[in-house]
Structures are given as structure tokens and as C-alpha cells.
Amino acid sequence: MRRSPVSTSQTTTPATEHHPAWAHQFDSMEQQRDASSFGMWVFLLTEIMMFGGLFTAYLIYRIRYYDAFVAGSSSIDVKWGFYNTLVLIGSSFTMAMAVWAAHKGKRMQQVLYLVLTLVLGTVFLGVKAVEYKAKYDECHIPGGVIGKGFSATGAAGCSAEGNIAEDIEHPKNLAGKEVSGKPRAAAEQIARQTEIFFVFYFAMTGLHATHMIIGIGVLLWLLRRAWNSEFGPEYYTPVENFGLYWHFVDIVWIYLFPLLYLINRIPHK
Amino acid sequence: MSENSHPTPALYLVIVSCLFAGTVLTYFAATWEMGIFNPIVALTIACTKATLVILYFMHVRYSNKLTIVTVCAGFFWLLILISLSLSDYLTR
């Protein structure tokens, strides 16, 4: 049945008087925005559960193989993880500023902050590549599918930094002086068990990095739309919802940094 | 969600400074001998940082009740996932 018009003005209102982003099923732009925001949060809940499963598995194995987790964690160069945490927090800040600029209708600032977010996200991935390369050279990639096969006991062809068994048998204190360690057999067993730590290291940082790569793709799309002045105070939902995603990825890293890099960094006496 | 409910850039600067400070703090906390408290301190700092991001960068503090309930539900289910799984493994 055809609906009769309530007033003549409604029938003559051209469609262009609406904001172009206003979908017809919503009563108002505000309702549309709230619905989008709710949908984004529900998506993020599924993301929390996905990473949550990995974190739970990590905790179970960390409790079971604690010595190996400490040894594996300490074999990672902490400075890169530390710098990357600062870089990612910085990119969250620039993303929050991009949302703010979109909300205030400041086009050039919005573009600038999106570019900064993009640059910081790329720096993060670059640092991650440097870290993965070091682990490749040390033969610390688990599974034996990629690289020269897993070894933490000083196999031929692996860089000396990867010899975790040596570090457990002959640990050094801050002054570089050797202190007493574990017997060779125990050191080798712990070193072999670090493979399970590296499974979690690569699974968790890899899934996180995948999110970053997807995020950088979406950022490019947002940048193009921001450049074309598609966002303003009335409509900036894509920027806002992408901001939620980017901050979520930041939160995951906030947990990954202490859980993977800082299990136990207490210097030997 | 009212239109003027956005945090200001000045507030964002304060939050990002706190997050940087938390990162430095969590590194030094890992180098101090605190026994059982090492992981507790590390997770407390991480949870504080995550809460700051959620409340301010993700605007949850300024959001409607539906969003707040949704966020809380997510962390509630995460808590169930972690606590019930670990209660099994830790009591075997």
C-alpha cells in the first residue's frame, strides 16, 4: 500500500537535503551513529574473546613451563618491545586526535593526524620485522617449518645469542661477571621447552601484527575520504569506529608487552 | 551521546603522558625482585593503562549506558573464560 504524504513539504523535499550518509532506516543521524557504535563494540567483544582464548592458553602453559617462559622471554631484546609500546601508544594518541579533528570539522588537522597514525603504525610493523629477523637468525621460530629448525641449545648455523641453554648454565650479572647457574642437563631441557613460549610469542604478536596490517589498509581508505572532505561534525562515524578498533589493538599490545617481554627481568646478583 | 561530550586535546595529552609513564614504570617493575608480586604489579599497571584507553581514547566515559553495559559484558565473559579455565588447571 502506498503511504499518503503527511504534508506537501515532505513530498517535495529533495533527497539531497538529507546528509548523504543518512541511511533511510534510521530516525536521525544520532540514532544511526549510536547503532554503528554499538555494532562496533559488539565486533570488538568477539575480538576480546579471540585474543582472550590465546591469553588463557598462554597463562596455562606459562604456569606449567614457568622456567622456560622466563628463559624465552629474557632472550627477546626488550628495547625494541619498549620502543614499540611507546610508538603504539603515540599512534593511539594521534588517532584520538584525528577523531577529535573530524568532530570539530578541521579537515587538514584530521588528514595530518591520520597520516601520523599511519606512519607510527608502519614504524611499529618495521620494528616487529627487525625483531622477527633476529629470532629467525637465532633459530627461535618454532615448528621447524620456517627457517633452520628450532634450536635454543646452540645448533650450528644459529647465531650465538640464541643459545638459551648457555645463558641458563652460565648466567652473567650486570657487571658481566659469571654467576652460578643450573646444571647442563637442566639448562638444555629448559632451553628446549622455550619452543612452547615462542609458539605463543609468534601466535600472539603475529595475530596482533595482522590486525595492524588490516588497520593500515583501513587508514588509507579513511585518509582518502578525509582528504575528500567526507567527514565533518554531522558525520564522522567511520573515523570514530576505526578509532575504537585502533585503540583496541593498542590495548592488546599493552598486555602483550609485560606478558611476553617482561616475565622476569631481575638481574643476576 | 551528546554532541559536546568529547574530551579535549589537553586531556588526551594528560592521558598519553600517563600511558608513557606506565610503560616506563612497568619496565622498571620487572627488574625489581618482588617475588609473587612481580606479575601482579605488571598486570595492575597494564589494567590501569587499558582502563585509561577505554575510558578516554575510546570515549566510554562519555558514552551512553548501552555502550558501557556492552563493554562490561565483554570483560565479564573474558573473566569467565580465564578464571574457569585456570580453576580447572590450577586444582588438578
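Our structure is the block above this text.
Right, let's walk through the structure included here.

### Looking at a nonpolar patch on the surface
On the surface, a nonpolar cluster with roughly 230 Å² of combined accessible area is contributed by Phe38(A), Val42(A) and Leu66(B). Note that Leu66(B) resides in helix 3 (residues 65-90). Judged by relative accessible area, which is 46%, Leu66(B) ranks as partly exposed.

### Let's talk about the interface of chain A and chain B
With 50 residues of chain A at the contact, the number on the chain B side is 47 residues. Of the roughly 4,300 Å² buried between chain A and chain B, counting both surfaces, carbon and sulfur atoms make up 78%. At the surface where chain A touches chain B, the tally comes to zero salt bridges. Those elements that provide at least two residues to the side of chain A that touches chain B are helix 2 (29-64), helix 4 (78-104) and helix 8 (237-261) of chain A. The dominant element in the side of chain A that touches chain B, judged by the number of residues it contributes, is helix 2 of chain A, at 19 residues.

### So, the layout of surface pockets
Approximately 1,200 Å³ is the volume attributed to the largest pocket. Secondary structure elements with two or more residues in the lining of the largest pocket: helix 3 (66-74), helix 4, helix 5 (107-137), helix 6 (164-169) and helix 7 (184-227) of chain A. In terms of residue count, helix 3 of chain A provides more of the lining of the largest pocket than any other element does, five residues in total. Space inside the second largest pocket adds up to approximately 620 Å³. Secondary-structure elements contributing two or more residues to the lining of the second largest pocket are helix 2 and helix 8 of chain A together with helix 2 (37-57) and helix 3 of chain B. Residue classes in the lining of the second largest pocket are distributed as 21 nonpolar, three polar and no charged.

Procedures and definitions
Residues numbered from 1 in each chain as written. Chains lettered and ligands numbered in written order. Predicted model: local features only at pLDDT ≥ 70, side-chain atom pairs only at ≥ 80, totals over all residues. Heavy atoms only, no water. Patch = residues over 30% accessible without salt bridge, like charges linked within 9 Å, V, L, I, M, F, W, Y side chains within 5 Å. Areas by Shrake-Rupley, 256 points an atom, 1.4 Å probe, with all protein chains shown as cover. Salt bridge = Lys/Arg side-chain N within 4 Å of Asp/Glu carboxyl O. Helix = DSSP H or I, 4+ residues; strand = E, 2+ residues; numbered from the N terminus. Buried < 20%, exposed > 50% of the residue type's maximum accessible area, 1.4 Å probe, protein only. Contact = heavy atoms within 4.5 Å. Buried area = accessible area lost by both parts, 1.4 Å probe. 1 Å grid on protein atoms, 1.4 Å probe; cavity = no way out; pocket = protein on both sides within 12 Å on 5 of 7 lines; lining within 4 Å. Points joined across faces, edges and corners; volume = space filled by probe spheres on them. Nonpolar A, V, L, I, M, F, W, Y, C, P; charged D, E, K, R; others polar.

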